[in-house]
Each structure stands twice: as structure tokens, then as C-alpha cells.
Amino acid sequence: MPGFEVFGAEEKKEIDEVLSTGVLFRYEFAEQRKGIWKVRDFEGNFAAYTGAVHAQAVTSGTAALKVAMAALGIGPGDEVITQGFTFVATWEAIFDSGAVPVFAEVDETLNMDPADLEKKITPKTRAVIPVHMMGAPARIEEICAIAKKHKIAVIEDTAQAPGARINGRHLGTFGDCGTFSFDPVKTMTTGEGGMIITDSEDLWRKMSEYHDHGHDHVPNPGGRGGDGRSFIGFNYRMMELQGAVGLAQLAKLDGIVAAQRKNKAAMRKAISVLPGVKFREIIDPAGDSASFIAFFLPTAEEAVRVNKVLSDEGCGAVYFANNTWHYYPKWEHLLAGSTLAASGWPFKEADGRRRVVYDSAALPQSAAIIDRTLVYQVPVKLADERLAQIAAAMKKAVS
Ligand SMILES: *Cc1c(COP(=O)(O)O)cnc(C)c1O
């Protein structure tokens, strides 16, 4: 999964070009920058790579979700549905927009269950954020069809799945927009950074202006100081050094995915010896970014037992049932409504009335799956010794 594994001379060359001009800002400084526009080029290349019409760079994957919701007009009074198995950033961004996050179940894709999504739609629902967790797709075509029927927007949180496709079509291009993260552990990294892709000129223009303090992005001979504006904004701008790294990493993405697919196939073979093991459902195996391999044991007890053996052999898997950053029942701060705001916002209204309550037992279908699930991250570079160690540990776990 991590682009940091392949960080090298190409990234350094791109950065050096920026340093040679001293222009770190993505806009203006036309004379000093000697024709170097790294963030703009990164946006252009990212759009071309994914097949989207527009790409907007921002400071993080969390900011990408926030900017996408702002452009869609989402705010207080709205509900946004996501899934109970994701990184906390997805629902942090929903709260930050002023809306209330609603959590849907996952199925054996380990992504949103479309049937449960439909049950959770209310008159207040304005958008759904399916997450393509761990490199592989949600049932995005079914989700988009449900959203269309109910006239709600779809934002694909593609933070963990750049390079993944369904029948050749990139994840992130199915909904109204798709968001990406380039944080230090993602498939491609810029240290910190994010991207939003969309085919809508109107949405892109709103994102572009909102993320830049509302500056209207129409050519203005008077420079930025004289720009007009149509609405209030914020600052989520990416800087040139990040754009430079992004250009080099994007050029490596298909190579990263190809290496992961090969390594994932070898790991799958090793894992297959476990009795009763079943692998996560991948909608289009040919388009899997193969950043992770997830497998189900017959029971929670068996998953815990197997993982104990694997850990003792030096290759323990991730047991997300105990993970405090990715799984709903473990988000104690969400469940308790912990916030710095003296008013209790976003869990309480300004007058102290409770806005929303989260019940730790609200997602039994997800629990029945996650409790039996073990996961390995698939490295770009998998040493033969490491593979042999995993294979030996799997055999030891067969008892
Ligand atoms: C990493 C991640 C984010 C947030 O991205 P940052 O760049 O770290 O802000 C959002 N959603 C998911 C599913 C992620 O894994």
C-alpha cells in the first residue's frame, strides 16, 4: 500500500525544480516560477489518469471530503450516510460540514451494504459517502442507483483505493465526486495532501473557489488582491512541494498496483491453507489495487486463535474488531459525544438539546463480519523470507 516504499530520485528531481525557483505557492508569481506549476500539473495528470474531467488538489483527504460537501451545499440540518468501517476522517468531515453522520452496515465486500443504505435514508439525507476501504470497491453501481432514486449526492471516499477500477473504470468516477488522500501511509503519498475528482464544471468551480478563501477563479488582470467572490471560503490549498512529489508518485502508481497484485496472490496462496477460510468479496478482481488482503475465519473465536498463532510466529494480522481508528464500536469519543466545544456541538444544539446519539450496538451485521476478519497490508516489496515466514505461520495455525 505505501508509496513511501518507492520514494526516490524521481520525487527528489521534482522537488529540486520547485526549490530552484523558490516559489512554493500554487498561484501567482508568474515571472519567478519559470513556467513551473507543479500543483496545476498534478491536477491535470490526476484527472487524465482517472478519466475524470476535473481534479482539485487540497491539503488532505479529510479536507477533500470537507470541500466536496461544501460544494454540494451540505450543512446543518442535513444527514450524510457513511459506513461503520472506515477511518474516523470520513465522519469527522461530515460533522465539520455541520451535517450529522449516519452509519450503515458493511457486507462481505467490507464496504457499504446497499440494502442497509436504503433503509437509513430519511427526508434529511443529502448525500452518501461510500468508502472504498482497503484498496477494493464498494458496490458503487448499486449505491449510485439508490442515490439517484432518492435524489441524494454520492461522494466516493477513495482515500484507500487510488489505482483501483471496476471494468477498467477508476473508483472515484462513479459518484458526483471522488476524494483521495496522499497521507504518509497511503498508496501514493505527498506527505500530506488530497484530491477531489468530478465531471461537473459547476462543482469543480465551487470546490476550487471554496478551498482558496472564495477567490473567484476568473482571470483577473489586477491579480489576486482584486479578485471578486461569490461566497465565503476557507484555506485548503496544496503547496508546490506536495504537487511535485505527487507528480512523481502518480507516475509510479500503476507499478505499485502491479507489484501489490503479484504479492497479494502469493500471500493468498499461503493463507488458503487455513480450514474454512474465505476471502473478502472483490467486485472486479482484475481491478483490485491489492493494497490489502482480508480473509474471514468461520467464527470470531477462530479468528482470535489463529491470529495468536500468527503473532507468536512474528506475523500477526490486523484484527479490526479491536482497532480504535477504523471501527464504529471502538470510537468511544463518538459514542460518548466528546468535543472541545463548550456548547457540546456537534453532539448537542446550541441550546443544549441532544442532536444525535450513537449506540455501540447499532451495527450487528458489521460486527458479525468484522469479528471474524483478519487483514494484512500488502507491501510493494515483499521479501521471500517474509512470505516464507507467513506461509509457515499459516501451516502452524492449522490444528
Ligand atoms: C486516510 C483516510 C482519510 C483521510 O485522509 P487524510 O489525508 O489523512 O486526511 C479519509 N478516509 C479514509 C477512508 C482514509 O483512509
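Provided above is the structure to which this section pertains.
As the structure is a computational prediction, the values presented were derived from the model and not from experiment.

Procedures and definitions
Residues numbered from 1 in each chain as written. Predicted model: local features only at pLDDT ≥ 70, side-chain atom pairs only at ≥ 80, totals over all residues. Heavy atoms only, no water. Near = heavy atom within 4 Å. Polar contact = N/O pair within 3.5 Å; in protein donor to acceptor, adjacent residues only side chain to side chain. Areas by Shrake-Rupley, 256 points an atom, 1.4 Å probe, with all protein chains shown as cover. Helix = DSSP H or I, 4+ residues; strand = E, 2+ residues; numbered from the N terminus. Nonpolar A, V, L, I, M, F, W, Y, C, P; charged D, E, K, R; others polar. Core = buried A, V, L, I, M, F, W, Y, C linked by side-chain atoms within 4.5 Å. Buried < 20%, exposed > 50% of the residue type's maximum accessible area, 1.4 Å probe, protein only. Domains from an automatic or database assignment. Contact = heavy atoms within 4.5 Å. Pairing = 2+ DSSP bridges. Axes fitted to C-alpha atoms, helices over the stretch in contact; angles between N-to-C directions.

Asker: Help me understand the site of the ligand in this model?
Answerer: Close contacts around the ligand come from 15 residues, with Gly61, Thr62, Ser181, Asp183 and Lys186 the closest. With respect to the ligand, the backbone of glycine 61 contributes an N or O atom lying 2.7 Å from an oxygen atom. Contact between the ligand and glutamine 160: an oxygen atom at 2.8 Å from a side-chain N or O atom of the residue. Contact with the protein chains covers 94% of the free accessible surface of the ligand, which is 380 Å². Put simply, the parts of the chain that give the shell around the ligand at least two residues each are helix H3 (61-71) and helix H4 (89-97). When the residues that make up the shell around the ligand are grouped by side-chain class, the tally is four nonpolar, eight polar and three charged.

Asker: Explain the nonpolar core here, please?
Answerer: Note that soluble globular proteins tend to have their nonpolar side chains buried in a common cluster. Met134, Ile271, Leu274, Phe295, Leu374 and Tyr376 are the most contacted members of the largest nonpolar core, which totals 39 residues. Those elements giving two or more residues to this core turn out to be helix H8 (240-271), strand E11 (292-296), helix H9 (300-312), helix H11 (364-370), strand E12 (373-377) and helix H12 (384-397). Of the residues forming this core, the biggest block, five residues, is contributed by E11. Mapping this core onto the domain boundaries places at least three of its residues in each of domain 1 (3-252) and domain 2 (254-398). Among all residues touching leucine 374, those that are not within four sequence positions of it are Ile293, Ala294, Phe295, Leu297, Ala303, Val306, Asn307, Leu310, Ala317, Val318 and Tyr319. Formed by 24 residues, the second largest nonpolar core is a distinct cluster that contains Val58, Ala63, Leu65 and Ala99.

Asker: What's the story with the sheet that holds strand E1 (residues 54-58) in this structure? I'm lost.
Answerer: In sheet architecture, strand pairing relies on hydrogen bonds along the backbone and comes in two forms, parallel and antiparallel. Ordered by their spatial adjacency, seven strands build an open sheet running E1-E9-E8-E5-E4-E2-E3, and the pairing between neighbours is mixed. At either margin of the open sheet sits one strand with a lone partner, and together these are E1 and strand E3 (100-104). Each adjacent strand pair in this sheet contributes to an overall mean axis angle of 25 degrees, direction not counted. Sheet analysis places strand E2 (residues 79-83) next to E3, joined by five bridges and oriented parallel. Within E3, the residue paired with glutamate 79 across the bridge is valine 100. The strands touched by helix H2 (residues 38-50) within the sheet are E1, strand E8 (177-181) and strand E9 (194-198), with E1 carrying the most contacts at an inclination of about 135 degrees. Each of E1, E2, strand E5 (153-157), E8 and E9 is contacted by H3, which is oriented at about 160 degrees to E8, the strand it contacts most.

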